[in-house]
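Observations on the model geometry
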Protein chains: 4
Amino acid sequence: MPEVGRGRVANYIPALARIEPDQFGMAVRTVDGELFGVGAAEAPFSIQSISKVFTLTMALGFDGEALFERVGREPSGNPFNSLVQLEHEAGIPRNPLINAGALVVDDVLLSRTYDAKGAILEFVRDLCGSLDVAYDEEVARSEREWGDRNAALAHFLKSFGNLDNPVADVLDVYVHHCALRMSCAQLTTAFQYLARGGVNQATGERLMSASLTKRANALLLTCGVYDAAGDFAYTVGLPGKSGVGGGIVAVMPNHWCVAVWSPGLNESGNSLAGTRALELFTTKTGISIF
Amino acid sequence: MPEVGRGRVANYIPALARIEPDQFGMAVRTVDGELFGVGAAEAPFSIQSISKVFTLTMALGFDGEALFERVGREPSGNPFNSLVQLEHEAGIPRNPLINAGALVVDDVLLSRTYDAKGAILEFVRDLCGSLDVAYDEEVARSEREWGDRNAALAHFLKSFGNLDNPVADVLDVYVHHCALRMSCAQLTTAFQYLARGGVNQATGERLMSASLTKRANALLLTCGVYDAAGDFAYTVGLPGKSGVGGGIVAVMPNHWCVAVWSPGLNESGNSLAGTRALELFTTKTGISIF
Amino acid sequence: MPEVGRGRVANYIPALARIEPDQFGMAVRTVDGELFGVGAAEAPFSIQSISKVFTLTMALGFDGEALFERVGREPSGNPFNSLVQLEHEAGIPRNPLINAGALVVDDVLLSRTYDAKGAILEFVRDLCGSLDVAYDEEVARSEREWGDRNAALAHFLKSFGNLDNPVADVLDVYVHHCALRMSCAQLTTAFQYLARGGVNQATGERLMSASLTKRANALLLTCGVYDAAGDFAYTVGLPGKSGVGGGIVAVMPNHWCVAVWSPGLNESGNSLAGTRALELFTTKTGISIF
Amino acid sequence: MPEVGRGRVANYIPALARIEPDQFGMAVRTVDGELFGVGAAEAPFSIQSISKVFTLTMALGFDGEALFERVGREPSGNPFNSLVQLEHEAGIPRNPLINAGALVVDDVLLSRTYDAKGAILEFVRDLCGSLDVAYDEEVARSEREWGDRNAALAHFLKSFGNLDNPVADVLDVYVHHCALRMSCAQLTTAFQYLARGGVNQATGERLMSASLTKRANALLLTCGVYDAAGDFAYTVGLPGKSGVGGGIVAVMPNHWCVAVWSPGLNESGNSLAGTRALELFTTKTGISIF
């Protein structure tokens, strides 16, 4: 695919800037558990914002839809780290998948758990049915050090009274779950509950009602790929979540989860080759939610 | 349903302001042609912005995806008649379903047809398989007279060079298709091509490829209900298009189309009771695209 | 002066686009009536937005400070023809010297006079003590034809209920006073009332109280040069009003009025050489209001 | 004056919220050194943003007009602590007197002095010719603790590369100079250099050239009173700087400085009674810069 190796690798933190751009991996796992892999499907990478789906699922488990009193569920139409919208809308982030919204979600987890970082790690390991998932402390530290935009967002939220915990604690949780390292194969396992009506594939445990699972997928579709929601829905046609590490996970409910990874990003911060691979995948198979 | 009769009837033009708010109708038509109706399912009403799906379909037929050089396909995150976004984005409307985008679509139809108003009416009648669809000239006139916001949008687009035809002509086409009168039952017939992979139910004629039909549905999901796309996807879970006349049409691909009508609007300009009815419908049946 | 002939001549209407850029004129007239001229000081040019000071003065004469219920008096911080601010601020233009505000002022004149265009012309002729001032009908027509941005502003104001007269009438008055042709020498006579505490130099008639004259000068300082108010106050240090025809008039209360003309514009739409000439003038003389 | 005791005392930090609102003081000092005082003219209060004029003067002394590569000089047209503008304008604050701009100025002082807080205090004491000026450490601490909006601004500036020093250091300097306690009488002495062409009244030392002093006054006029520049220029007609502690200082070049203090604030964050007192003062005397 000519897109592999093109685009710009995320360079706002040194730990991500030195990734080789011409890598590509893809994995599809069916709701029956069958796995198909291509290229670097087993290579771990920094999942970054993909982790926000995990923290959102945990927060919905704690607070249910009351969460939406502190964060909206509309597409932002602005870059993921914009402060503008937050100012116009008095400290209520547009949705839980942009940075500001994810910070509010992390604040919920800090209030609801004894050890938020530990709880998140345990949650993700349970989803994967594997202990082989960990925080990359170097990436977390680098993100903390260079993360002035996120620090600005957090202080801004705090100034509106929409964070209960200290800014430093919220940022610490945030940079850690963004620094989770996982492979495409692992991600397709972890995201199965969104394809299986809320039931964890690894444990058979129900995480969410079928109705709430549909709603979570709707959130991914309208808010999961930064300010490219319309384009992604148009070309790919699946609920998905991307990260600046170059990963994208997408869900075809009742059928499969698919994950791609390629570090070069397009203008919206989504993997260039990854987006294209998903578009080809749904176009060739003729399968999407629409 | 307690929502019926609540909300605010559109009052920006006299011809709409005098509608009785406590009316409700709903119709579901399967891809096999079976029709189920409730309440005022056969009562004609002013479809307003729902008509933009028809004009968009026509323009895609003429220009294909080249249309997206003149109009985007991202959710707007702003009220439907906002000029702000247009200024920041140099005259390229966010998507073809907000007012500014629909004016560009109408400009395409004016350039591509001899008689745009006639062509639109014929297209809709073909979709319905019936001559019983007409422009409400009084509503069109009232909308023209009170439509300073749309006139502002059109002149603004013109100033950016994104209209080829005279502003007055574009506005004339616009107010006419918004003034189409149709019933819920008729709308479920007319929208069938979006549930049937692009094939007109009334004539069996293919209007769009299966792939483009999926893409059109994706546009409806992300851009069809003004600035409530996230909420509507979250609570209803179907691609849909609403109008300030109180109508909403939604599509469950390969299954059915549903139309509701109730004139009271919520803050986003969507039918209050209609949105609630669709939410109940997809929640009770457990059927949505997610 | 090396700036003469540089910058971009206003090209949004054909009638202005064909002006030779390398022209320069300057005139200073003291409150005692003495006149000093340099270069093309007697050459008439299209005064464009400078005319807004005349219409504002007339409207203040009719409505007094009640005018400020329909228009603000804050610098805009945005380009002169922005619709953004107008939307955020619900149809109340920031100040009477940006386009939107000037349209509201023209609406006042239409309501308060039998023949607004005639009344404006008579007012300006009285200020000059000369009949040798006229509308350039070709410029007015060209501006009307190409003025979609102003038409958008006017319809937008109308949609907020902040115009009482028909949009077409308001635009007709607007394009006419913008199309007044005057020379630097004439402008220094016409603006004398702002240097002389409200008293017309030509007739000795009082147009405004001394207090209101000070206030009008304050408006010029904060709002007279589009979104360059800060820079102009910083470098020139005088209340002034510019036009896209390349003219600028500035006032040193109790001392003199100065007018410059050179058609090349800077990024803010102010005469490049004119701004520089005024900066040199106040720096060399050491005389400014600060 | 009926305005005394009205308005809202600044309540964003506890240390300011408990001030009695119904206090009023005013002092005028001529360029010859004569002092006239009314009410609590000798009572010290928290000068807050008025201090930004001192730090700006120091930074201009170090960097000259090169300072304006890092900060603009246009009125903001937005609340003093807005992040919106900063995002649209890529980290260059509109002017040095809004919070974001003052943080950049403080960053300059940190880079140019060994001990910025000590240098500022010494500078202000020199202006007053008195050691009786000090930081209120309790106010500084309270402002640091509750200053999430300013922390957001500082991190935001840092993310754009427009701060060289650590965010914590910049904020520490900022909250200290904002916590200076001075009386109206002291402020009229300290500000004399702006009325005396750049010459310190207490020491006779020249701080700025006459030309730069005029320019500093122009900055105060267009940017000194938050987003009320137009109104203040219109009603008061003097360059001035206000603080949320309720103080305002204004300058009539070559004549006098005037300072007022009354803690109740209007919507723009300027002293309500103070603004009114200054308006009466310039209206009754007929003396303003216009």
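Preceding block: the structure.
My aim in this report is to walk through the structure given alongside it, one point at a time. These numbers were taken from a predicted model, which means no experiment stands behind them. (Residues numbered from 1 in each chain as written. Chains lettered and ligands numbered in written order. Predicted model: local features only at pLDDT ≥ 70, side-chain atom pairs only at ≥ 80, totals over all residues.)

Before going further, it helps to examine the pairing of strand β1 (residues 25-30) of chain C. Residues and elements named next belong to chain C. Within β1, 5 of the 6 residues are buried, leaving the element largely enclosed by the surrounding structure. As paired elements, β1 and strand β8 (residues 256-261) share 6 bridges and run antiparallel to each other. Bridge pairing links Gly25 to Trp261 in β8. Linkage of β1 to strand β2 (residues 35-39), two consecutive antiparallel strands, is achieved through a turn of 4 residues, within which Gly33 is found at a positive phi near 100 degrees. (Buried ≥ 20, exposed ≤ 12 C-beta atoms within 10 Å, placed from the backbone. Helix = DSSP H or I, 4+ residues; strand = E, 2+ residues; numbered from the N terminus. Pairing = 2+ DSSP bridges.)

Residue and element names in this part refer to chain D. Given a rise of 1.5 Å per residue, 12 residues ought to cover 16 Å, and the 16 Å separating the end C-alpha atoms of helix α8 (residues 167-178) matches this to within 8%. Extensive coverage of α8 is indicated by the burial of 9 of its 12 residues. Every buried residue of α8 is listed here: Val167, Val170, Leu171, Val173, Tyr174, Val175, His176, His177 and Cys178. (Expected span 1.5 Å × (residues − 1).)

Moving on, we come to the packing of helix α2 (residues 51-63) of chain A against helix α4 (residues 99-112) of chain A. Any two packed helices are characterised by the angle at which their axes cross and by the distance between the axes. All names here are of chain A. For the pair α2 and α4, the least separation of the axes is 9 Å and the interaxial angle reads 50 degrees. It follows from the interaxial angle that α2 and α4 lie oblique. Handedness of the crossing formed by α2 with α4: left-handed. Seen from α2, the contacting residues are Lys52, Thr55, Leu56, Met58, Ala59, Phe62 and Asp63; seen from α4, they are Ala102, Val105, Asp106, Val108, Leu109 and Arg112. Here the residues of the contact of α2 with α4 are counted per class, giving 8 nonpolar, 1 polar and 4 charged. (Axes fitted to C-alpha atoms, helices over the stretch in contact; angles between N-to-C directions. Parallel < 35°, antiparallel > 145°, perpendicular 65-115°, else oblique. Left-handed = near helix turned anticlockwise from the far one by under 90°. Contact = placed C-beta atoms within 7 Å. Nonpolar A, V, L, I, M, F, W, Y, C, P; charged D, E, K, R; others polar.)

Here we come to unusual backbone geometry. We note that Asn254 of chain A has phi near 70 degrees; this positive angle belongs to a residue other than glycine. Within the secondary structure layout, Asn254 of chain A lies in the loop between β7 (247-252) and β8 (256-261). You can call Asn254 of chain A exposed: it has 10 C-beta atoms within 10 Å. Even without being a glycine, Gln48 of chain B presents a positive backbone phi close to 50 degrees. On the secondary structure map, Gln48 of chain B appears in the loop between β3 (45-46) and α2 (51-63).

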